[in-house]
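Fold and geometry: a report
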Amino acid sequence: TTERFSYAIDAATCAEQWRVEHIVERRSPLAVNRGFAYADGRLFRGTNDGQVIALDPADGSTVWQSEIDVDLPGVSMPMAPIAANGLVFIGHAGGDQTGVTGHAYAFDAEDGRMVWRFEVVPDDEDVLETWPNRDRYPITGGAFWTSFAFDAGPGVLYVPAGNPAPDFD
């Protein structure tokens, strides 16, 4: 995957099998995408304009496409998602942008509907009282660049969040 393209390459010959361009409304200055997840005969990826896409691995055709509910400057989905137990787990980047807080999502792998959303930085006033810089800077952080990890035994999803803004304050 790249920011705009998904590819299938024959591992034996290195021949390109198919290439699909994703027209993104909002380009990321980093212009990256970290890959697919695969499960149950489908490929899953995020885009830099907040889309989660399921593709048919045979020809790259779109099976479904869903949009996250956060549309702020700097928000993108460059991480490789995780697919397990009929769900696609993904989060967005951009928490290093002032005013953006991270969210982790689970989408139904079959139809793309959002099953749940987790706020990494809750907007509960009692929690926000613990942020000593809230009077100087908007609450930010908790976004994602790298994949989650899923432990199938107990069914635990590990979510590596970070990216405060402004950095080092």
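The following paragraphs examine the structure supplied in this document. (Residues numbered from 1 in each chain as written. Predicted model: local features only at pLDDT ≥ 70, side-chain atom pairs only at ≥ 80, totals over all residues. Heavy atoms only, no water.)

1. Quick look at the sheet that holds strand 8 (residues 87-91)
Note the threshold: A pair of strands is labelled paired if DSSP reports no fewer than 2 bridges between them. Numbering of helices and strands runs from the N terminus, with a helix taken as a DSSP run of H or I at least four residues long and a strand as a DSSP run of E at least two residues long. Axes, fitted as lines to C-alpha atoms, cover a helix only where it is in contact. Angles between the N-to-C directions of the axes lie from 0 to 180 degrees.
Pairing within the open sheet is antiparallel, and its four strands lie in the order 7-8-9-10. With one partner strand each, in any of the chains shown, strand 7 (82-84) and strand 10 (114-119) form the two edges of the open sheet. Strand-to-strand twist across the sheet, computed as the mean angle between neighbouring axes with direction ignored, equals 20 degrees. When strand 7 meets strand 8, the two strands line up antiparallel, connected through three bridges. For Ala 83, the partnering residue across the bridge sits in strand 8 and is Val 88.

2. Topic: unusual backbone geometry
Our working definition: Between buried and exposed lies partly exposed: a residue is buried under 20% and exposed over 50% of the maximum accessible area for its type, with that area taken using a 1.4 Å probe on protein chains only.
Notably, Asp 40 is not glycine yet its phi reads approximately 50 degrees, a positive angle. In this structure Asp 40 comes out as exposed when scored by relative accessible area, which is 71%.

3. Thoughts on the sheet that holds strand 4 (residues 42-46)
Judged by pairing direction, the sheet is antiparallel, and its four strands sit side by side in the order 3-4-5-6 without closing on themselves. Either end of the sheet is taken by a strand with one partner, and the two such strands are strand 3 (37-39) and strand 6 (62-67). Neighbouring strand axes in the sheet, compared pairwise and without regard to direction, differ in orientation by 20 degrees on average. As paired strands, strand 5 (residues 51-55) and strand 6 are joined by five bridges and run antiparallel to one another. Within the sheet, the bridge partner assigned to Gln 51 lies in strand 6 and is Glu 67.

4. Side note on the side chain of His 22
The cut-off we apply is this: Nitrogen and oxygen atoms within 3.5 Å of one another constitute a polar contact, given that in protein one can donate a hydrogen and the other can accept it, and given that sequence-neighbouring residues count only through two side-chain atoms. Here a residue-residue contact requires only that any non-hydrogen atoms of the pair lie within 4.5 Å.
Inspection of the secondary structure assignment puts His 22 in the loop between strand 2 (16-21) and strand 3. One polar contact links His 22 to Ser 6, side chain to side chain, over a distance of 2.8 Å. Contacts of His 22, omitting those with residues within four sequence positions, involve Arg 4, Phe 5, Ser 6, Arg 45, Ile 53 and Leu 55.

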